[in-house]
Amino acid sequence: DKCRTSSATVNGLVMAWMIVCAIRSTANASSFVGNLVYSYGLRENAAVTLSAGVLTAGASANVGILGVSQQSGTVIPILIGMRYYVPYPEPAAKVRPFLSLSIGTYLGFEQNNSIGLTVVQESHSESAFGGRIGAGIDFYVSSYFKLVANADASEELRAGTRRK
């Protein structure tokens, strides 16, 4: 704790005593959440995909002597793309590696609230066109459900729209 003390003296007598402590507490959280993907097979080695999810989410809260504030932000990609399975898969294969390419919209949202000497509430949203290229593996659990491990790189074009 960082505390300061002050006092006023008159003729050697203490007239006032004040202790001011700067108290600050901060909590932060940030994480990757995940995607839901619908895949429609065109052939044994190619599929069209539609995906939506939460790319990142973050939040922080601060409590200080002058007030309380909190911020949060989220990025949501909505993409359509293609998967190409390599090598040519066997029809009954339970593990299928693939290469993927997707394009679509990235939506970003952030919010800031603070209460102190003034009350402030701000929000900001932005959308951008972007793409993703990657590689991964499908693990088939049943004929209608699979788990996917995927590594990719994303790029967004900043020709989107902004709102405040």
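As the structure is a prediction and not an experimental result, all values here were calculated from the model. (Residues numbered from 1 in each chain as written. Predicted model: local features only at pLDDT ≥ 70, side-chain atom pairs only at ≥ 80, totals over all residues. Heavy atoms only, no water.)

**Description of the packing of aromatic side chains**
Part 1: By the definition in use, this model includes one aromatic pair.
Part 2: On the basis of an interplanar angle of 70 degrees and a centroid distance of 5.9 Å, the ring pair of Tyr85 and Phe98 is categorised as edge-to-face. Here Phe98 lies in strand 8 (residues 95-115) and Tyr85 lies in strand 7 (residues 67-85), a separation of 13 residues in the sequence. Pair check on accessibility: Tyr85 and Phe98 agree, each one buried.
Part 3: The residue whose ring lies beneath Arg96 is Tyr85, and the NZ or CZ to ring-centre distance is 4.4 Å. (Phe/Tyr/Trp six-rings, centres within 6.5 Å; stacked < 30°, edge-to-face > 60°. Helix = DSSP H or I, 4+ residues; strand = E, 2+ residues; numbered from the N terminus. Buried < 20%, exposed > 50% of the residue type's maximum accessible area, 1.4 Å probe, protein only. Lys NZ or Arg CZ within 6 Å of the ring centre and 35° of its normal.)

**Examining the side chain of Thr49**
Part 1: Within the secondary structure layout, Thr49 lies in strand 5 (residues 46-54).
Part 2: On the accessibility criterion, Thr49 (7% relative accessible area) is buried.
Part 3: With residues near it in sequence (within four places) discarded, Thr49 still touches Val37, Tyr38, Ser39, Leu79, Ile80, Gly81, Met82, Arg83 and Ser102. (Contact = heavy atoms within 4.5 Å.)

**A closer look at the pattern of salt bridges**
When their charged atoms lie close together, side chains carrying opposite charge are able to pair.
Part 1: Tallied over the full model, the rule gives two salt bridges.
Part 2: Measuring nitrogen to oxygen at the nearest pair gives 3.2 Å for the salt bridge that ties Asp138 to Arg83. Of the two residues, Asp138 sits in strand 9 (residues 119-140) while Arg83 sits in strand 7, which places them 55 residues apart along the sequence. Summarising the burial analysis for this pair, Asp138 and Arg83 share the class buried. (Salt bridge = Lys/Arg side-chain N within 4 Å of Asp/Glu carboxyl O.)

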